[in-house]
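This is what each chain is made of:
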Amino acid sequence: MMDVLREGEKIKEIKLRLVEKPPVAVISDLGKSFGSKRALDGINLNIPEGRIIGLLGKNGSGKTTLLKILSGFCTGYEGRVTVDGFIPGSAECKKIVSYLPDKEGLPENMTARQVIEIYGEFFDDFNKERCISILESFGIKETQTSKEMSKGETDKLQIALMMSRDARLYLLDEPIGGVDAEARQHVLDLILENFNPKGTMIIVTHLIKDIERLFDSVIVLKEGKVQVFEDADSLREAQGSSLEDAVISIFRGEQP
C-alpha cells in the first residue's frame, strides 16, 4: 500500500512540474557598477508569474538600478537579463513592461486626456476606458495638466496609466511616496483590482507598513546582493510579527 502511495506522489510531483509556469523574468549573474561603486553584484533571480513582489533594502542597496535594468533604462551591465525571453529595452520587451519611475516624467503642458491618448498610440495593451475610470475614482479631471496637479495627483495619474496596461511585468519605484496617508489604501485597492494576474509586479518602497498587504513575496537587497527572496507569509511566521519587523531584522543582520 505504501508503495502505491509513493508512486502516486511521484506522479503528482511530475504533473506539478509539467504545469509549472516559466518565470516572467530571469536574471543571471547580474552586475552593475557606477565608477568605483558596485550597485549590483552577482544577482541571480527567477521572477515567477502572478506575484506582487516587494523589492526592499536600504538606500544604495541597488533597488532602483535593478528596476531600471529590467525596464531597459539602464544598460552596460554584466550577466544576462530577459523578460519573457526578450532583452530589456528591445522593442519586444517594451511592449510587455510597464514602468513607473521614482521621479515625475509627465510633460507639464499636457492634459491628462492628452497623455492618455499618447499612451493609447504607444501601447497596444493600453485600455483608455480603464484609465479614465481610475482617474475618476481618484477625483482627477481629464482637463488637468500635471503642472496643475499636486505631487500626490501626479503619482495617481502615473499609477492609472501603468495599471491600464495588461503588461507582463509592472515595475513601480516608490509609487505612493507623494500620496497622503488617507488616500493610500484606496490607491493600493485600485492596484490590486487592475493587476493583470498573468503578469508580475515588483514594487520598491520604504513604506513597508503601508504596502505590505499587497506583497506575495519579498526580495531584500543588501549592498547589491540578494539577501532574501522569500514568501511574505513565511517571513511573517518566522518573525512572529509584521513583515516590516521581519525586514528590519534582516537589515540589521539578524535571523528572522
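Going by the structure above, here's the rest.
Residues numbered from 1 in each chain as written. Predicted model: local features only at pLDDT ≥ 70, side-chain atom pairs only at ≥ 80, totals over all residues. Heavy atoms only, no water.

Glancing now at the packing of aromatic side chains. For any pair of aromatic rings, geometry is given as the distance between the ring centres together with the angle between the planes. By the definition in use, this model includes five aromatic pairs. Ring geometry for Tyr119 and Phe126: centres 5.5 Å apart, planes at 55°, overall tilted. The class of Tyr119 is partly exposed, set by a relative accessible area of 24%. Feature note: the residues Tyr119, Phe122, Phe123 and Phe126 constitute an aromatic cluster, connected by ring pairs. Its end group placed over the ring of Phe34, Lys32 keeps NZ or CZ at 5.1 Å from the ring centre. The ring of Phe123 has Arg165 sitting right over it, with the charged end atom 3.9 Å from the ring centre. (Phe/Tyr/Trp six-rings, centres within 6.5 Å; stacked < 30°, edge-to-face > 60°. Buried < 20%, exposed > 50% of the residue type's maximum accessible area, 1.4 Å probe, protein only. Lys NZ or Arg CZ within 6 Å of the ring centre and 35° of its normal.)

This next bit is on helix 9 (residues 232–239). Within the span of helix 9, buried status applies to Ala232, Leu235 and Arg236. The buried residues of helix 9 occupy an angular sector of 100° when the element is viewed end-on, so they sit on one face. Residues of helix 9 that are buried make contact with strand 8 (217–222), strand 9 (225–231) and helix 10 (243–251). (Helix = DSSP H or I, 4+ residues; strand = E, 2+ residues; numbered from the N terminus. Arc of directions from axis to C-beta. Contact = heavy atoms within 4.5 Å.)

With that settled, consider the sheet that holds strand 5 (residues 97–100). With mixed pairing, six strands are arranged side by side in an open sheet as 5-6-7-3-8-9. Strand pairing shows two members of the sheet lacking a second neighbour, strand 5 and strand 9, which therefore form its edges. Geometrically, the sheet is characterised by an average inter-axis angle of 15° between neighbouring strands, direction not taken into account. Pairing between strand 5 and strand 6 (residues 169–173): four bridges, direction parallel. Across the sheet, residue Val97 finds its bridge partner in strand 6, namely Leu169. Packed on one face of the sheet, helix 2 (residues 63–71) meets strand 3 (52–56), strand 5, strand 6, strand 7 (200–204) and strand 8 and runs near 145° to strand 6. Lying over the sheet, helix 9 contacts strand 8 and strand 9, oriented at roughly 90° with respect to strand 9. (Pairing = 2+ DSSP bridges. Axes fitted to C-alpha atoms, helices over the stretch in contact; angles between N-to-C directions.)

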